[in-house]
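# Chains, contacts and geometry: an overview
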Amino acid sequence: MVSRIDRKQVVETALRLLNEVGLDGLTLRRIAKELNVQAPALYWHFKNKQELLDEMATEIFRRMTVQLRAGTGPWGDGPGYTWQDAALTAARELRRELLSYRDGGKVFSGTRMTDESAAGPLETHLGRIVAAGFTPREAVRAWFTLYNFTIGLVIEEQSVHPDPENPAHRDPAYDLEARQRRLGDSHPLAAAAGPEMFGDMEAAFEAGLRIIVAGIEATRGRG
């Protein structure tokens, strides 16, 4: 028996539905209904939801790095393009792409790539850092720290602003004024932290990038 749908159709449908129903609502049954097939037809391609999430994360990565592989878009090069520029661009592009999908950070977190599409971009990023004088080990640690910070912040950001179609919408659970009233008298520092953590998320992201990049440079050669 050969399925009349292919893996690509399933993944594209899943990514489209993700923005409608979120990760919790994205079930194989819901995807099968959208494709007008019975749920068992999906098991021809994916044994379980985790396998599907792995392929979805891989497809998100392919879409994110298409410009890098083509040498176009925001990816610079040449004498004036530093390892810092490359690292910041990679982190910003990762955040931008993940924010375009509802729960994109959660989809990406904890999944594995299903092919070698990540190897080329990773080789490029690590090569730039090594060329700047870092050891391969330092380069890997630098990139892995930026990568995990970015994914973690996106997960938090998407809790505050869950709808990619309406990024200005804030989940009422993150009402900063209500948080200030609740914590202000008894925990003033915790209350003051609210706007920094859950206010302007892009500013928080950029501040975190600056801290990490400065730390990478400051710890060069320390093992």
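Cut-offs used in this document
- Residues numbered from 1 in each chain as written.
- Predicted model: local features only at pLDDT ≥ 70, side-chain atom pairs only at ≥ 80, totals over all residues.
- Heavy atoms only, no water.
- Helix = DSSP H or I, 4+ residues; strand = E, 2+ residues; numbered from the N terminus.
- Expected span 1.5 Å × (residues − 1).
- Buried < 20%, exposed > 50% of the residue type's maximum accessible area, 1.4 Å probe, protein only.
- Polar contact = N/O pair within 3.5 Å; in protein donor to acceptor, adjacent residues only side chain to side chain.
- Salt bridge = Lys/Arg side-chain N within 4 Å of Asp/Glu carboxyl O.
- Axes fitted to C-alpha atoms, helices over the stretch in contact; angles between N-to-C directions.
- Parallel < 35°, antiparallel > 145°, perpendicular 65-115°, else oblique.
- Left-handed = near helix turned anticlockwise from the far one by under 90°.
- Contact = heavy atoms within 4.5 Å.
- Nonpolar A, V, L, I, M, F, W, Y, C, P; charged D, E, K, R; others polar.
- UniProt positions renumbered as here; feature names shortened; annotations may be inferred.
- Arc of directions from axis to C-beta.

Attention now goes to helix α3 (residues 49-64). Under the 1.5 Å per step criterion, the end-to-end length of α3 is 22 Å for 16 residues, consistent within 8% with the ideal 22 Å. Three or more residues of α3 are buried, namely Leu52, Leu53, Asp54, Glu55, Met56, Ala57, Thr58, Glu59, Ile60, Phe61 and Met64. For α3, the N-terminal cap is Asn48; the gap from its side-chain oxygen to the backbone nitrogen of Gln50 is 3.1 Å.

Moving on to the pattern of salt bridges. Tallied over the full model, the rule gives 13 salt bridges. In this structure, the salt-bridge partner of Arg16 is Glu34, at a minimum N-O distance of 3.0 Å. Here the residue Arg16 occupies a position in helix α1 (residues 7-25), and Glu34 occupies one in helix α2 (residues 28-34), the gap between them amounting to 18 residues. By relative accessible area, which is 41% here, Arg16 ends up partly exposed.

Their axes nearest at 9 Å, the elements helix α5 (residues 83-99) and helix α7 (residues 119-131) cross at an angle of 150°. Between α5 and α7, the interaxial angle falls into the category roughly antiparallel. Handedness of the crossing formed by α5 with α7: left-handed. Each of Trp83, Ala86 and Ala90 in α5 lies in contact with α7, whose residues at this interface are His125, Arg128 and Ile129. Class assignment of the residues belonging to the contact of α5 with α7 gives a composition of 4 nonpolar, 1 polar and 1 charged.

The axes of two packed helices give the description: the angle between them and the distance between them. Where α1 meets α3, the axes come as close as 10 Å, and the angle between the chain directions of the two elements is 95°. Compared by their axis directions, α1 and α3 come out roughly perpendicular. Contacts from Arg7, Val10, Val11, Glu12, Ala14, Leu15, Leu18, Leu23 and Asp24 in α1 reach Lys49, Leu52, Leu53, Glu55, Met56, Glu59, Ile60 and Arg63 in α3. Broken down by class, the residue content of the contact of α1 with α3 amounts to 10 nonpolar, no polar and 7 charged.

With that settled, consider the UniProt feature "domain: HTH tetR-type" (unreviewed entry) in the chain. UniProt records the feature "domain: HTH tetR-type" (unreviewed entry) for residues 4-64 in the present numbering. The span residues 4-64 is 69% helix and 0% strand, and its two end C-alpha atoms sit 28 Å from each other.

Turning our eyes to something else, we now look at the UniProt feature "DNA-binding region" (unreviewed entry) in the chain. Feature annotation in UniProt places "DNA-binding region" (unreviewed entry) on residues 27-46, given in this structure's numbering. Taken end to end, residues 27-46 is 35% helix and 0% strand, and its two terminal C-alpha atoms sit 12 Å from one another.

So, about helix α10 (residues 188-198). Restricting attention to buried positions, one finds in α10 the residues Ala191, Gly194 and Phe198. End-on, the buried residues of α10 take up no more than an arc of 60°, which puts them together on one face. When the buried face of α10 is taken as reference, the exposed residues oriented beyond 90 degrees from it are Pro188, Leu189 and Glu196. The inward-facing, buried residues of α10 abut α8 (136-160), α9 (176-183) and α11 (201-218).

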